[in-house]
Amino acid sequence: MSNEKVWFITGASRGLGLEITKAILAAGDKVVATARSTKDLSSIEKLGKPDHVSVALLDVTNKQQAKEAVDQAIEKFGHIDVLVNNAAYGLLGAVEESTDEEIRKMYEVNVFGLLNVTRAILPHMRKQRSGHIINISSGGGLVGGEGWSVYCSTKFAVEGLTESLAMELAPLGIHVTAIEPGYFRTNFLDSTSLVRSGIVIEDYSETVGKMRNLATQFNKNQPGDPAKLAQAIIRVANADQPPVHLPLGNDTLDMYKQKTAAFQQEIEEWYEVITKTNYDD
């Protein structure tokens, strides 16, 4: 029996999705690579042998399209071993600067789109009593940051979904992992993956304004290597006991350590208030 895994990846045409797709094929596994554009899909098809790569048109916000893409994958390969929920984008702006349309559109992709694809694949993984769902979250799913408030809120949602889903699916032999990348050298900070709020309020110049400038300077100079991230994900998918959380990058790890240290200090300072809220009986 072949040990080749079948992977299903959303947002596979560029950035981290493309690097992960390349790494999967180089490892000898099979992949169903999905994207919103047929033009992007034609370039993906050339990355591997026809019996190892399949492509499907998929806008993750379209629930019916998600089901059809999954059905197509099952028809071609018979099963799906690993789902990588990668499709997402960022919004840079203060909460007050972000429009209702900007916020809702990002939630449709980053949260509800992830749910659409996950729910389409879960019946197949339950039937086979195996599988691994890998959600590409963000360091912004562990630690908030000025200018990223709404984006972080979508990734915090992914973190909560991942933790709870891992508990629900563990008895069925299905693993769930959140990958929390820091700043990796992809196109995330340029206009293809990042929306900047059109409204700019001067009162936020010292916080969100500085972050806008930093994002411009940081674009294409991020410390993380996407190819190494892809290899880390392959390693997670092959682990007997994969983690529920995997922060990737020294920047993410440092920020999370600072957050937990500050959180612990607050608990100690407010310990009496925290522990005096139960009924006296």
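Use the structure listed above.
This section reports on the structure supplied with the text. Only a predicted model underlies this, so the values are computations on that prediction, with no experimental measurement involved.

Section: the pairing of strand 6 (residues 131-136)
Then, in step 1: Burial of strand 6 is extensive: 6 of the 6 residues sit out of reach of the surface.
Then, in step 2: Every second residue of strand 6 is oriented toward a common face, with Gly131, Ile133 and Asn135 on one face and His132, Ile134 and Ile136 on the other, all of them buried.
Then, in step 3: Where strand 4 (residues 82-85) lies against strand 6, 4 bridges are found, and the strand directions are parallel. Residue pairing in the sheet places Leu83 in a bridge with Ile133 of strand 6.
Then, in step 4: Between the parallel pair strand 6 and strand 7 (residues 174-181), the chain is carried across by helix 5 (residues 149-169), and the sense of this crossover is right-handed.

Focus on the layout of surface pockets
Then, in step 1: The space that makes up the second largest pocket amounts to roughly 220 Å³.
Then, in step 2: Contributing to the lining of the second largest pocket are Lys5, Asp81, Val82, Ser130, Gly131, His132, Gly173, His175, Ala237, Asn238, Ala239 and Asp240.
Then, in step 3: In terms of residue class, the lining of the second largest pocket is built from 3 nonpolar, 6 polar and 3 charged.

Focus: the pairing of strand 3 (residues 53-57)
Then, in step 1: Of all 5 residues making up strand 3, 4 are buried, and the element is well covered by its neighbours.
Then, in step 2: Sheet topology places strand 2 (residues 30-35) next to strand 3; 5 bridges connect them, and they run parallel. When the bridges of strand 3 are listed, Ala35 appears paired with Leu57.
Then, in step 3: Where the polypeptide runs from strand 2 across helix 2 (residues 38-45) and back to strand 3, its parallel neighbour, the crossover connection is right-handed.

Focus: a nonpolar patch on the surface
Then, in step 1: A contiguous nonpolar surface patch, about 320 Å² in accessible area, is contributed by Trp270, Val273 and Ile274.
Then, in step 2: Tracing the backbone shows Trp270 in the loop between helix 8 (250-269) and helix 9 (271-275).

Focus: the packing of helix 3 (residues 63-77) against helix 4 (residues 100-128)
When two helices pack together, their arrangement is given by the angle between the helix axes and the distance between those axes.
Then, in step 1: One way to put it is that helix 3 packs onto helix 4 with a least axis distance of 8 Å and a crossing angle of 35°. For the crossing formed where helix 3 meets helix 4, the hand is right-handed. For the pair formed by helix 3 and helix 4, the contact residues are Lys63, Ala66, Lys67, Val70, Asp71 and Ile74 on the first element and Asn116, Val117, Ala120, Ile121 and His124 on the second.
Then, in step 2: Considering only residue class, the contact of helix 3 with helix 4 consists of 6 nonpolar, 2 polar and 3 charged.

Rules used in this analysis
- Counting starts from 1 at the beginning of each chain's written sequence and moves along it residue by residue.
- For this predicted model, a pLDDT threshold of at least 70 governs which residues receive local features, and a threshold of 80 or more governs which side-chain atom pairs are given and counted, while totals over whole chains, interfaces and linings are taken from all residues.
- The basis for every side-chain value is the complete set of non-hydrogen atoms in the structure, without hydrogens or water.
- The buried label applies to any residue whose accessible area, calculated with a 1.4 Å probe on protein chains only, is under 20% of its type's maximum; exposed applies above 50%, and partly exposed to all values in between.
- Numbering of helices and strands runs from the N terminus; a helix is a DSSP stretch of H or I covering at least four residues, while a strand is a stretch of E covering at least two.
- Strand pairing is assigned whenever DSSP detects at least two bridges linking the two strands.
- Every crossover in which the path from the first strand over the helix to the second runs clockwise, viewed with the strands pointing away from the viewer, is termed right-handed.
- Think of a 1 Å grid over just the protein atoms. A cavity is a set of points where a 1.4 Å probe fits yet cannot get out, a pocket is an open set with protein on both sides within 12 Å along at least five of seven lines, and lining residues have an atom within 4 Å of a point.
- Grid points are joined across faces, edges and corners, and a volume is the space filled by probe spheres set on the points.
- Note on residue classes: Ala, Val, Leu, Ile, Met, Phe, Trp, Tyr, Cys and Pro are nonpolar, Asp, Glu, Lys and Arg are charged, and everything else, Gly too, is polar.
- Patch rule: a residue counts if its relative accessible area is over 30% and it has no salt bridge; like charges are joined within 9 Å, and nonpolar side chains (Val, Leu, Ile, Met, Phe, Trp, Tyr) within 5 Å.
- Residue exposure ignores everything except the shown protein chains as possible cover, and the areas themselves are Shrake-Rupley values with a 1.4 Å probe.
- By salt bridge we mean one thing: a side-chain nitrogen of Lys or Arg within 4 Å of a carboxyl oxygen of Asp or Glu.
- Axis lines are fitted through C-alpha atoms, for helices just across the contact stretch, and the angle between N-to-C directions can take any value from 0 to 180 degrees.
- Note: crossing handedness is left-handed where the near helix turns anticlockwise from the far helix by less than a right angle, and right-handed where it turns clockwise.
- A contact between two residues is defined here by any heavy atoms of the two lying within 4.5 Å.

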